[in-house]
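Given next are the chains, with one letter for each unit.
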Amino acid sequence: MKIVHFHNPGSPNVEQYKDMFAEHGIAYEQHPEFLSAEEQLAACRGADAIVTSILKFPREIIGQLDESVKCIVRTAMGYEIVDVAAASERGIYVCNVPDYAMQEVAMHQVASSWPCAGN
């Protein structure tokens, strides 16, 4: 199995767990989230699973993914960066982390709404 992870520089780095993946027969590759379409497709070659935070997967990209791709995981709340219909047409599951950073976002909102915030 091969997992391709497009890593957002602001997210925790999981490169340190690469050996753990290997112990279970999983090839793990980490790539930056800022790639051209050609680089994105090249990185996805042979992947079984794709993990992304902000790198978009529109219909044009999904249509060119290898048959090996079984799922695209968004490590955030929404699906807006993945063309779910195009993925579904190809039999690719799309999932997300619906409660990602909920507490952090709520705390940020409260802090920015505080009367003295920004004044």
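Report on the accompanying structure. What you see is a predicted model; the values in this text were computed from it and never measured. (Residues numbered from 1 in each chain as written. Predicted model: local features only at pLDDT ≥ 70, side-chain atom pairs only at ≥ 80, totals over all residues. Heavy atoms only, no water.)

Details of the pattern of salt bridges
Next up, step 1: Overall, the coordinates contain six salt bridges when judged by the stated rule.
Next up, step 2: With its nearest N and O atoms 2.7 Å apart, the salt bridge here joins K70 to D48. Of this pair, K70 sits in the loop between α3 (59–62) and β4 (71–74) while D48 sits in the loop between α2 (37–44) and β3 (49–52); the two residues are 22 residues apart in sequence, bridging distant segments of the chain.
Next up, step 3: Overall, K70 belongs to the partly exposed group, its relative accessible area being 46%.
Next up, step 4: Of the residues examined, D48 reaches a relative accessible area of 15% and is grouped as buried.
Next up, step 5: Between R59 and D83 there is a salt bridge; the shortest N-O distance is 3.8 Å. (Salt bridge = Lys/Arg side-chain N within 4 Å of Asp/Glu carboxyl O. Helix = DSSP H or I, 4+ residues; strand = E, 2+ residues; numbered from the N terminus. Buried < 20%, exposed > 50% of the residue type's maximum accessible area, 1.4 Å probe, protein only.)

Observations regarding the packing of aromatic side chains
Next up, step 1: The tally for this structure, following the rule as stated, stands at two aromatic pairs.
Next up, step 2: When the ring of F6 is compared with that of F57, the centres are 6.0 Å apart and the planes differ by 55°; the resulting orientation is tilted. Remark: F57 occurs in the loop between β3 and α3 and F6 occurs in strand β1 (residues 2–7); sequence separation between them is 51 residues. For the pair formed by F6 and F57, the shared burial category is buried.
Next up, step 3: Judged by centre distance (4.8 Å) and plane angle (15°), the rings of F21 and Y28 are stacked. Assigned by exposure class, F21 and Y28 land together as buried. (Phe/Tyr/Trp six-rings, centres within 6.5 Å; stacked < 30°, edge-to-face > 60°.)

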